[in-house]
Amino acid sequence: MKLSLLVCIGLLAAAASGQPSTQAGAPARNKTINPSTYLWYASPATKWDEALPVGNGRLGAMVFGTVVEERIQLNEDTYWSGGPYSTVVPGGHKFLAEIQRLVFADKNFEAHDLFGRQLMGYPVEQQKYQSFANLHLFMAHGGQAADYRRALDLETGISSVTYTVDGVQYTREVFASAPDQAIVVRLTASRPGALNLTANLRGVRNQTHSNYGTDYFQMDPVGSDGLAVTGKSADYLGIAGKLRYEGRIRASVEGGTVKTRGVEMAIENADAVTLVFVAATNFVNYKDVSADPHQRVEDALRKLAGKSYEALRTAAVSDYKRLFDRAILELPATENSYLSTTERKEKTQTEPDPSLGALVYNFGRYVLISSSRPGTQPANLQGIWNDDMNPWWDSKYTTNINTEMNYWAADSANLSELTEPLFQLIREVSDQGAQVAKEHYGARGWVFHQNTDLWRVAAPMDGPSWGTFTVGGAWLCTHLWEHYQHTRDKEFLRKNLPLMEGSIQFFLDFLVKHPNGKWLVTNPSTSPENFPNGGGNKPFFDQVTGAILQGTQICAGSSIDMQILYDLFGYYLQAAKELGVSSPMVPKVAEARAQLVPPQIGSSGALQEWADDWTSLEKNHRHFSHLYGLYPGRALWDQQTPDLIESIKKVLEERGDGGVGWSRSWKMALWARLGDGNRANKIFKGYLKEQSCAQLFALCGRAMQVDGTLGATAAISEMLVQSHEGFIRLLPALPDEWKSGEFKGVVTRGGFELDFAWAEGKITGLEILSKAGETCRIRVGSSAVVSHQGKTVPTRDAGDGVVEFPTVKGGRYTVR
């Protein structure tokens, strides 16, 4: 294992302290690891959200590491409830003008009810991501286990379990192979012939709805060395379950025997065992379920035939490292850095462990590599890992923050191609999105709201308070621009410009004049999931949800709507300029952008969340929707004044540093944009203590979600390097505890890949790879010397410590 200088220094310091090395069977320090890339535990997982994840983008597994009965929970990313369907309700646009009139007349409850009756999609809810199967391994060794350890090595993507029973050391390795499209399980023992176990591949049914659920499955043996589970998806919300699936386990034993007994597989007296799991559904795309899952499984197993475990492992690790090794963050290791991950999380609250911040950053990259690959589905609320047939919020794609947060770090973390599934989702959702624009709003273009599922429905859902979020698709389109900014790939921009134009076309039709005669606003609108204390709001019974709500969220021209559109319109104008596009849409977009509601500072001194000077009914609301324009957007940054910055800080202070996992990750990024690394680090520690799982997945209250995990990766990156101002800024929000470190492979806007190191808060080394040949602008001080291939490169002083210099594509530049 390759260790950096920082880790080696930590190892020497630990050795000098006189502490004993890791003692078998006792939670202690493991001095042989790189604490920035290694998670380990001294006991098995006791519940699902303590298990260790592996994934190849399509197949996922959660490994419990239990000694006597191992459970490996399995997922396939296209196994959802239902089948192709539409939520478009024809003719709803006939009622839009009346809804808008009611909103402008402050008759918000009447507008809410009319929207619920006429513009909501139907079904009102959407489909659910499902658990696929569970592999159970019943070990026959008995006895009390000692020397137990389970681990996840981020440098290889391999989860492992080791323990000793009666003098025999047992080892398991589990990984997900992208090249071979399989989950691979390897069992070995230190004594020949010591492996005796029974395997069982179990299907999953919706126990909550078992009295009327239709998610049937069947378990069968396959020859003497295989097990299969086959089944269908559940009918849900009146939508027939159209998915069919098959999963198979095939065993290869060395030095022993394998046979099937009914739906069990018995392995006896083996030296080593390799189990491969493959799975498929009949899903082709969101409109087509005509594939043959059995043939897909047979094809996958045929490709695996004859491959040794070593060959499978080498191919999987090589493919994984091709992505993971592009970027790495390392922060100083302390004595506590070598404790188990659980202990590190506890102790970092009072004893700084900077390396834990690097582990969280690197784990986020691991999660994205494992849950989003070209050709797969995008990472959903839980990535690709789910053991519940009724997961929280259906484990869908929630686009009023969560799906976007999943991909905030993708480009900067040097994983640009992993955004492809997200961009494919945008293309697909624009299909029903165009129908919704026409039928629900009488508009051209396409629109998408706050949720979708495997079937890419686009109409308002959940209820009027949530469903009036019309800028979900617009927000997703800003990711197209950010991807271009990091890659400078003009062909990508040209290809996707029509998507941006379609979203913008909808809003050019949908925006209406505010009664003040000055502004263009969205109407109806909402600020996600937040009930305003204004407009006569009060508790009422909502006919759509059948529940008593705090009030209605319906409004006109919420701040997040205005900021997202300000950004998207601006990005489009810049894209048209850079591509040389001449379109009659360009002046219309510029004119509309100038009339959007500007940032408003309320009577309390805080930035307004709504066009009206209202406050929030919930004091510490989890969303920071009206700060979108600070991060991840730029609408507030571009329009900043000292007073505006103070009004933003007031919002952050009012809502506090607590909240659910993804909310804390967002707060970290917001404070990083404001240059306060210590505040971001304080929030980070609270996130680790209160809203993260044992294996560093984020929590949303009690539910595991990956948004906060990936959001934390983005926020940590933002603390160390920023590029939204038109130049690169290093260490813009460095916490006092992170005095030294190394960041390699991070990518900035302009297509620059950076390797840099710092000590005592000062840059000690910087190398820049120009991936696009753009002019580089970086704040390093006017005395900086830039060289390329041993020759000094002329620089220009751009003021305020920023220097700029020309680059060539593929050139590496050293800055002193």
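Residues numbered from 1 in each chain as written. Predicted model: local features only at pLDDT ≥ 70, side-chain atom pairs only at ≥ 80, totals over all residues. Heavy atoms only, no water.

A. Structural view of the packing of aromatic side chains. On inspection of all chains with the given rule, the structure shows 35 aromatic pairs. Judged by centre distance (6.3 Å) and plane angle (70 degrees), the ring pair of phenylalanine 624 and tryptophan 666 falls under edge-to-face. Within this pair, whereas phenylalanine 624 is found in the loop between strand E25 (615-616) and helix H15 (635-638), its partner tryptophan 666 is found in helix H17 (residues 661-673), the two being separated by 42 residues in sequence. Like phenylalanine 624, the residue tryptophan 666 is buried in the burial classification. Three or more aromatic residues link up through ring pairs in this structure, and these residues are Tyr320, Phe324, Phe363, Tyr366, Trp385 and Phe697. Here the guanidinium or amino end of arginine 150 rests over the ring plane of tyrosine 41, the centre of that ring lying 4.5 Å away. In this structure, arginine 593 is placed above the aromatic ring of tyrosine 566, and the distance from its NZ or CZ to the ring centre is 3.7 Å. (Phe/Tyr/Trp six-rings, centres within 6.5 Å; stacked < 30°, edge-to-face > 60°. Helix = DSSP H or I, 4+ residues; strand = E, 2+ residues; numbered from the N terminus. Buried < 20%, exposed > 50% of the residue type's maximum accessible area, 1.4 Å probe, protein only. Lys NZ or Arg CZ within 6 Å of the ring centre and 35° of its normal.)

B. Highlighting empty space enclosed by the protein. Here the structure, examined in full by the defined rule, presents five cavities of 30 Å³ or more. Residue lining of the largest cavity: 27 residues in total, with Trp408, Glu482, His486, Tyr631 and Arg749 positioned closest to the centre. Put simply, the parts of the chain that give the lining of the largest cavity at least two residues each are helix H9 (420-441), helix H11 (472-487), helix H19 (707-720), strand E28 (721-722) and strand E30 (741-748). Per element, the largest residue contribution to the lining of the largest cavity is five residues, and it comes from H11. (1 Å grid on protein atoms, 1.4 Å probe; cavity = no way out; pocket = protein on both sides within 12 Å on 5 of 7 lines; lining within 4 Å. Points joined across faces, edges and corners; volume = space filled by probe spheres on them.)

C. Fine view of the environment of valine 124. Looking at the element boundaries, valine 124 is found in the loop between helix H3 (108-118) and strand E5 (133-139). Excluding its chain neighbours within four sequence positions, the residues that come into contact with valine 124 are Met461, Asp462, Gly463 and Val544. (Contact = heavy atoms within 4.5 Å.)

D. Fine view of the pairing of strand E14 (residues 257-261). Note: E14 against strand E15 (residues 264-270), five bridges, orientation antiparallel. Paired with arginine 261 across the two strands is glutamate 264, which belongs to E15. Counted along the chain from E14 to the antiparallel partner E15, the turn is two residues long, and its residue glycine 262 has a positive phi close to 65 degrees. (Pairing = 2+ DSSP bridges.)

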